[in-house]
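Below, each chain spelled out in residue letters.
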2 protein chains.
Amino acid sequence: MKKVSDSTVTRLSLYLRILNELNEQGLSTVSSEELARRGGTTAAQVRKDLSFFGTFGKRGLGYAVPDLLERLRAILGLGRHWRVALVGAGKIGSALFGYQDFRRQGFHIVAVFDADERKVGQWWNGLQVLPVEDLEDVLRAEGIEIVIVAVPAEAAQGVVDRVVAAGVRGILNFAPTKLDVPPEVTLKSVNMTVELEGLSYALSNGERSGGKRRGTRADRS
Amino acid sequence: MKKVSDSTVTRLSLYLRILNELNEQGLSTVSSEELARRGGTTAAQVRKDLSFFGTFGKRGLGYAVPDLLERLRAILGLGRHWRVALVGAGKIGSALFGYQDFRRQGFHIVAVFDADERKVGQWWNGLQVLPVEDLEDVLRAEGIEIVIVAVPAEAAQGVVDRVVAAGVRGILNFAPTKLDVPPEVTLKSVNMTVELEGLSYALSNGERSGGKRRGTRADRS
DNA sequence: TGTTGTGAAGGCGTTCACAGCC
DNA sequence: GGCTGTGAACGCCTTCACAACA
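Keep in mind it's a predicted model, so treat the numbers as computed, not measured.

About the criteria used
- Residues numbered from 1 in each chain as written.
- Chains lettered and ligands numbered in written order.
- Predicted model: local features only at pLDDT ≥ 70, side-chain atom pairs only at ≥ 80, totals over all residues.
- Heavy atoms only, no water.
- Near = heavy atom within 4 Å.
- Polar contact = N/O pair within 3.5 Å; in protein donor to acceptor, adjacent residues only side chain to side chain.
- Helix = DSSP H or I, 4+ residues; strand = E, 2+ residues; numbered from the N terminus.
- Nonpolar A, V, L, I, M, F, W, Y, C, P; charged D, E, K, R; others polar.
- Contact = heavy atoms within 4.5 Å.
- Buried area = accessible area lost by both parts, 1.4 Å probe.
- Salt bridge = Lys/Arg side-chain N within 4 Å of Asp/Glu carboxyl O.
- Buried < 20%, exposed > 50% of the residue type's maximum accessible area, 1.4 Å probe, protein only.
- Arc of directions from axis to C-beta.
- Domains from an automatic or database assignment.
- 1 Å grid on protein atoms, 1.4 Å probe; cavity = no way out; pocket = protein on both sides within 12 Å on 5 of 7 lines; lining within 4 Å.
- Points joined across faces, edges and corners; volume = space filled by probe spheres on them.
- Least-squares fit on C-alpha atoms with pLDDT ≥ 70 in both.
- Phe/Tyr/Trp six-rings, centres within 6.5 Å; stacked < 30°, edge-to-face > 60°.
- Lys NZ or Arg CZ within 6 Å of the ring centre and 35° of its normal.
- Pairing = 2+ DSSP bridges.
- Axes fitted to C-alpha atoms, helices over the stretch in contact; angles between N-to-C directions.

The next subject is the protein's contact with DNA strand C. By nearness alone, 23 residues border DNA strand C, and S32, R47 and Y63 of chain A together with R11 and R59 of chain B come closest of all. In DNA strand C, atoms within 4 Å of the protein come 57% from sugar and phosphate. Between R47 of chain A and DNA strand C, the recorded distance is 2.7 Å, taken from a side-chain N or O atom to a base nitrogen. A distance of 3.0 Å separates a base oxygen of DNA strand C from a polar side-chain atom of R59 of chain A. At the level of elements, α3 (43-51), β2 (57-58) and β3 (62-64) of chain A together with α1 (6-24) and α3 (43-51) of chain B are the ones that each hand at least two residues to the surface near DNA strand C. For the surface near DNA strand C, the element with the highest residue contribution is α3 of chain B, accounting for 4 residues. Per-class residue counts for the surface near DNA strand C are 4 nonpolar, 11 polar and 8 charged.

Okay, structure coming up:
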């Protein structure tokens, strides 16, 4: 597989969501034009994005919704369950833990950690909050593949180092700080303050509408 | 002011955070090289980003930390308070409401709305959750400039339309759906599921580290 | 006829390299 | 001498335009 840009992958997620809706509505085919309209991009972009992975459409007809849906799920690696751990049982961690969309897409949070002994031992929907001391052991024992980091900025790099040492190769970070990971690990960060500051900038300078893509953004490693 | 790319603005936020740290540590000057190292970018990029807004450095010396800090705050429109409303008092709304970083950067949540009558009337840290019916009236009466949308995807466009109609020009969206706003309104979206799917893609295809930016990502309008 | 798939062109952000100052 | 500021080169992503074909 060639090199696919990050923005292309982000748009695939987007197309996937739209296809899910179309599929529920019983639509059987969709054109790149329609997909683009619903996704806020262009028809050429849609076709180019998809063409990186194969030729899924029929000329003159468009794309078969259920087929394209399945293809995209496969491309994105969503045809399976992912075992996820959450580090940080504070406000944000709690919100993420309850976020239904994650589970719906196959991301299952199977362990929760916190450094605060008042949080450790609490039951969260059938899961007991574990002490962060046990991090490496549990990550390995549970076969965790993705870790969500929702700890204070000062603690984030330390957690990430331990997570990486335990062999985890995918990290989603919510701490507002730059993190270093080795090249074999994929790190994505969500930084809400940066977005708000972007709004502040736009409002202060009479700018036009939003930035690039939808959704949160990735991190430079 | 010329056209400044979205990624430049995002990096300014980043530099600002780093400068805050340097300033607290009592550092008086910093080079583009050092700023780049801490921010995970390049020295040329730092200088280019800053050069869009003026010439803040001294050749041979670098940048004066307190000065550059103040300049960036001014550029980003952070030398003031922003009045913010939160729509959606669920898990995510609650986490955002308690997020200290927002207030620290001058974003003050002064109103909270929800459609669920069981939530309406609750007291949140001295603020009573208001019925979403009162949205337009309160936004105008309170002089709200930025609205954070944390409602289910199906409800988001409706909320956004009303918010726009009430004259608000900055929206931060957490609902995982594409939203349309008129060009004079700036919309940024945070989509955590897209990030997780990006991880899934990377892990499934043996990719290297993260995507572009840190922090959440903006939305194409 | 209608819509895809794709090489070519275009636009934009990043990197380079060096002149300009402190 | 050291580091910034910046025009030019570069590379990548997006857009164009059209041949291919159901």
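Here the focus is the interface of chain A and chain B. At the junction of the two partners, chain A supplies 80 residues and chain B supplies 81 residues. Interface area for chain A against chain B, summed over the two sides, is near 7,600 Å², with a carbon-plus-sulfur share of 59%. The interface formed by chain A and chain B holds 0 salt bridges in total. For the interface between chain A and chain B, the tally reads 13 residue pairs in polar contact (both at pLDDT 80 or more). Counting residues per element, the ones that place at least two in the side of chain A that touches chain B are α1 (6-24), α2 (32-39), α5 (91-97), α6 (100-104), β10 (170-173), β11 (186-189) and α9 (192-204) of chain A. Ranked by residues supplied to the side of chain A that touches chain B, first place goes to α9 of chain A with 13 residues.

What follows covers α3 of chain B. Residue and element names in this part refer to chain B. Three or more residues of α3 are buried, namely A43, V46, D49 and L50. Down the axis, α3 shows its buried residues gathered within 130° of arc, on one side only. Here the buried face of α3 lies against α1, α2 (32-39), β3 (62-64) and α4 (65-75).

Attention now goes to the domain arrangement of chain A. A common measure of how large an interface is: the accessible area buried when the components associate. Domain boundaries in chain A define domain 1 (6-75) and domain 2 (82-194). For domain 1 of chain A and domain 2 of chain A, the distance between their C-alpha centres works out to 31 Å.

What follows is about empty space enclosed by the protein. Scanning the entire structure with this criterion turns up 3 cavities of 30 Å³ or more. Around the largest cavity, the lining residues are I92, A95, L96, F174 and M192 of chain A together with I92, A95, L96, F174 and M192 of chain B. Elements with a minimum of two residues in the lining of the largest cavity: α5 of chain A together with α5 (91-97) of chain B. Broken down by class, the residue content of the lining of the largest cavity amounts to 10 nonpolar, no polar and no charged.

Close approach of charged atoms allows side chains with opposite charge to pair. Residues and elements named next belong to chain B. Scanning the entire structure with this criterion turns up 22 salt bridges over all chains. Here E34 makes a salt bridge to R38, at a shortest N to O gap of 2.8 Å. Note that E34 and R38 are positioned in helix α2 at a spacing of 4 residues, about one turn of the helix. Classification of E34 as partly exposed rests on a relative accessible area of 23%.

Volume-wise, the largest pocket comes out at about 1,300 Å³. Among the elements that line the lining of the largest pocket, the one with the most residues is α1 of chain A, at 8 residues. Residue composition of the lining of the largest pocket, by class: 21 nonpolar, 10 polar and 16 charged. G90, A150, V151, P152 and A153 of chain A are the residues nearest the centre of the second largest pocket, which is lined by 30 residues in total. Mapped by element, the contributors of at least two residues to the lining of the second largest pocket are α5, β5 (107-114) and α8 (153-165) of chain A together with α6 (100-104) of chain B. Sort the elements by how many residues they give to the lining of the second largest pocket and α8 of chain A lands first, with 6 residues. Among the residues making up the lining of the second largest pocket, the classes are represented as 17 nonpolar, 6 polar and 7 charged.

Turning our attention to the relation of the copies chain A and chain B. Here chain A sits on chain B after a turn of 180° about the axis and a move of 0.0 Å along it, with an RMSD of 0.0 Å. Look at the turn and shift together and you get a two-fold axis relating the two. A symmetric contact is evident, with 100% of the interface residues of chain A recurring at the interface of chain B.

Enumeration over the complete set of coordinates arrives at 6 aromatic pairs over all chains. Pairing F53 of chain A with Y201 of chain B gives two aromatic rings, centres 6.2 Å apart and planes at 90°, and the pair type is edge-to-face. Within this pair, whereas F53 of chain A is found in the loop between α3 and β2, its partner Y201 of chain B is found in helix α9 (residues 192-204), the two belonging to separate chains. There is no split in this pair, since F53 of chain A and Y201 of chain B are both buried. Look at Y99 of chain A and F102 of chain A: their rings are 4.9 Å apart centre to centre, the planes differ by 85°, and that puts the pair in the edge-to-face class. Residue Y99 of chain A is classed as buried on the basis of its relative accessible area of 13%. Sitting over the ring of W82 of chain B, R80 of chain B keeps its end group 3.7 Å from the ring centre.

Below, the discussion takes up the sheet that holds strand β8 (residues 130-131) of chain A. All names here are of chain A. Within the open sheet, the 6 strands sit side by side as β8-β5-β4-β9-β10-β11. Their pairing is parallel. Looking along the sheet, the strands with just one partner apiece sit at the ends: β8 and β11. Inspection of the sheet shows strand β4 (residues 82-87) paired to β5 by 6 bridges, in the parallel sense. Note that in β5 the partner of V84 across the bridge is I109. The sheet strands contacting α8 are β4, β9 (146-149) and β10, and the helix crosses β9 at an angle near 170°.

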